Amino acid sequence: MEEKYSPKNIENKWQTKWDKEKSFKVSEDPSLKKYYLLEMFPYPSGRIHMGHVRNYSIGDVIGRFKRMQGFNVLHPMGWDAFGMPAENAAIQHKTHPAKWTKENIDYMRGQLKRMGFSYDWDRELATCDVSYYKWEQRIFIEMYKKGLAYKKSSFVNWCPSCETVLANEQVEEGCCWRCDSVVEQKELEQWFFKITEYADELLEYTEKLPGWPERVMVMQRNWIGKSYGCEIDFPLEKGNGAIKVFTTRQDTVFGATFMSLAAEHPLATTLVTDENCKNVDEFIKKVKSTDKARRTADDFEKEGVFTGSYAINPATGLKIPVYLANFVLMDYGTGAVMAVPTHDQRDFEFAKKYNLSLTVVIQPEGKALDSAFMKEAYTEPGVLVNSGEFDGLESTLAKEKIADWLQKNGKGKKTINYRLRDWGISRQRYWGDPIPIIYCEKCGAVPVPEKDLPVLLPMDVEFTGEGGSPLAKVESFVNVTCPLCNSPARRETDTMDTFVESSWYFMRYCSPDYTDAPLDKKRVQYWMSVDQYIGGIEHAVMHLLYARFFTKVLRDLGYVDVDEPFTNLLTQGMVIKDGSKMSKSKGNVVDPNFLIDKYGADTARLFSLFAAPPEKDLDWNDQGVEGSSRFLNRFWKLVYESLRFMKTGEKLDTSAITEEGKILRRQVHKTIKKVTEDIDSRFHFNTAIAAIMELMNSVQLFAAKNRPENRAVLKEALESILLMLYPFVPHFSEELWEELGHGGGIEKAGWPKWDSSATVDEELIVVVQVNGKLRGKVVVAADAGEEDVKNAAFGDEKIQGAVDGKTPKKVIYVPGKLLNIVV
RNA sequence: GCCCGGGUGGCGGAAUUGGUAGACGCAAGGGACUUAAAAUCCCUCGGUCGCAAGGCCGUGCCGGUUCGAUUCCGGCCCCGGGCACCA
């Protein structure tokens, strides 16, 4: 055994062994309890960063711990490999996205292996491989046939100079992130997944996932945004039509004195009268050229324009003007609002600006509002007035009554509205999964027949960064014949959002090599659901909601039997340095390669787990890493020195050990208990490591005395520490385990169990308070009763001084812990 | 504006069910070893008063409940995050 700990050789040795022997390869075994452990797979951006190190270190601790406990642990890794950075790199470096991505994957795989993570590499997948994305096309077609994938036109961010759609994230202060042109709203035909069909079930399950952090559930609930209200028809003054509105405040319908439509509302252009034509046109143009970010800013001025037309308030029968307003959103509700200026702040401001009439219909208890003197809208509950037969009703009650009345008289109906919108998946990008649809002039949109799948992404493509999607310019790809009528037809050139790939990869891992279907139901059945999922909080809504949606869709398509993909979710915090998130632009990144070279992977892992509990942000500190490194060096030295006089095979004889030995054993077994509980039920790795450090400090003192009769105790202590350290620092522990004379690998030894009898204290320290203030401690026998503790306390000189001859009014005794004397 | 987190030494953090506040680690100071440095080892380390024993104060602020509050309740301040003309 080397005298000094040198991580390089050791880590290399064990990594080679794990790789060669496929140590973490698993298969379905019904006789074993399965545990599916998953960390969010990375985008192959080039190299791993500290966020990955942290995420995967957390996962690896759980994986190795569960394996030691005898679970059949599925722990896969793969690559979320489609996406824009590859395309941008292709443009910049004159390379191909496929080449760039593959090189990155190869490099990053090497980095993950150097960290010693225990993955079943035989299950590795990359979403840009045909063997993956072709199945997604099949799922798409099955969704299309069920009406879960459909096409509709919608408004999107459009950069006129790049000729492409931009995601909301790519619009910076109203301008294109790449060329700085002003971004417009453009109406385009887009593919959607009908996630709204599952809105209720998705919402319902946010109450049934006890293993998820409450804040993630809250964020998803807010995102789905279910609200109960009414759809009410406001007949047009002229003609037969009506304007449909959605409202949650049907109790105020008698106060609706005008209407506001979104600029994109289909009626906006048909309702306009000749004399208002010019104003309305200008207004619509202005709204459409304003990007969403600016439109929704705090200080954005409410503006509108009169169409010249009128509608009839179905409650009052009065004629009310129809306006277009810039704050009404086409994609929420019906895109039209009944405006009640007295009880809605936006309508109030709008009415004041355009001099529209106000009618109070809700009076606060004990007050009388006068619309002439109102400074702001009154939005609280109250009692109805000016509301015909509903006058005098309390407003919450009136909500019900008016909804019933509207429904009965055919003026409207009760309805539920969601904030959640269908998921737009079309991207005018090359590096993604082609949407398997063909457009025929006669037959319309035709799904690519199964025998023609997959639609391969063509490789001979030029990347200029100009003129829209590169895919649309590949003639051989675009020009096809219709599968139904054989006429010339065009292929869809949009690709799917990369979030589609990450919505089902965790199921593909269960049968990654299956060639008959996306999933092998039997194998998926064994592994699903994921027992523990780990990843960043930034995915709280998008990815985690899409994945839940997809699981339900695949269930309904007959592929799986589970309702929810992830039983338990752990959202880890960010890695912070010098007060801000590590990022290239801030110049505060720490390169994992540098850490591995300088300290070894084990030290890097240990520190990232020790510095903070997983769900909190981790403050990176270079000197803190030194501390973790020091700990491993000290422990190495301790084992090295102990080995010189320790015999292998020495049996522990508990009757022969000294008092000191007993005390150390007690700490060993208490530590095993604490570390087990910290890892298993709390994921508090930082306190688990702290407890091991404490134990090592004691062992060090103990070993220094070198009493021959205590050697078996020392051996037990050292081995226990190694077993407990293994999930954190696997190479280090494997190496020393072998040095201590064990073959066959440390995992086989199993997770240590604590001996309850060894943890029992012989003496107890009971804290003594006088009037709730700490005044002393007494040592009593472990089996001492309340009387014994009282006697000891009152016999104590310090306590006597504190009591100062006064008569105790009350004495509170917390068994084995505390005695409080109240005087 | 609404909804979540969070606020503890010089720093990261601990205190799991209302019961010893500050575990463990970092930094700092002092010492040992060394020609010297690094490494390593030992001691001190919330504030304050005191020669000491010991006392008093202290978990963002104010108040409450309790024998006892970092922990529970009410009100406020600050920081971080999410959502947001959502009708």
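Here is a short report on the structure shown in this document.

Rules used in this analysis
Residues numbered from 1 in each chain as written. Chains lettered and ligands numbered in written order. Predicted model: local features only at pLDDT ≥ 70, side-chain atom pairs only at ≥ 80, totals over all residues. Heavy atoms only, no water. Pairing = 2+ DSSP bridges. Helix = DSSP H or I, 4+ residues; strand = E, 2+ residues; numbered from the N terminus. Near = heavy atom within 4 Å. Polar contact = N/O pair within 3.5 Å; in protein donor to acceptor, adjacent residues only side chain to side chain. Nonpolar A, V, L, I, M, F, W, Y, C, P; charged D, E, K, R; others polar.

### Focus on the pairing of strand E32 (residues 773–781)
- As paired elements, strand E31 (residues 763–770) and E32 share 8 bridges and run antiparallel to each other. By the bridge assignment, Val 770 is partnered in E32 with Lys 773.
- With antiparallel pairing between neighbouring strands as the criterion, E31 and E32 make up a hairpin whose turn holds 2 residues, including Asn 771 at a positive phi of roughly 55°.

### Notes on the protein's contact with RNA strand B
- Close contacts around RNA strand B come from 55 residues, with Phe 300, Lys 302, Tyr 332, Lys 674 and Asn 820 the closest.
- Sugar plus phosphate, as a fraction of atoms of RNA strand B within 4 Å of the protein: 62%.
- Tyr 332 has a polar side-chain atom sitting 2.7 Å from a phosphate oxygen of RNA strand B.
- Between a phosphate oxygen of RNA strand B and a side-chain N or O atom of Lys 773, the distance comes to 3.0 Å.
- Here the surface near RNA strand B gets 6 residues from one element, more than from any other, and that element is helix H22 (residues 685–705).
- Classifying every residue of the surface near RNA strand B by side-chain character gives 19 nonpolar, 11 polar and 25 charged.

### Here's the deal with unusual backbone geometry
- Residue Leu 453 is joined to Pro 454 through a cis peptide bond whose omega torsion reads 0°.
- One can find Pro 454 in the loop between strand E22 (444–447) and helix H13 (475–478).
- Residue Met 528 is joined to Ser 529 through a cis peptide bond whose omega torsion reads 0°.
- By the element assignment, Ser 529 lies in the loop between helix H16 (521–527) and strand E26 (532–536).
- One non-glycine residue, Asn 771, lies in the positive phi region at around 55°.
- Structurally, the position occupied by Asn 771 is in the loop between E31 and E32.

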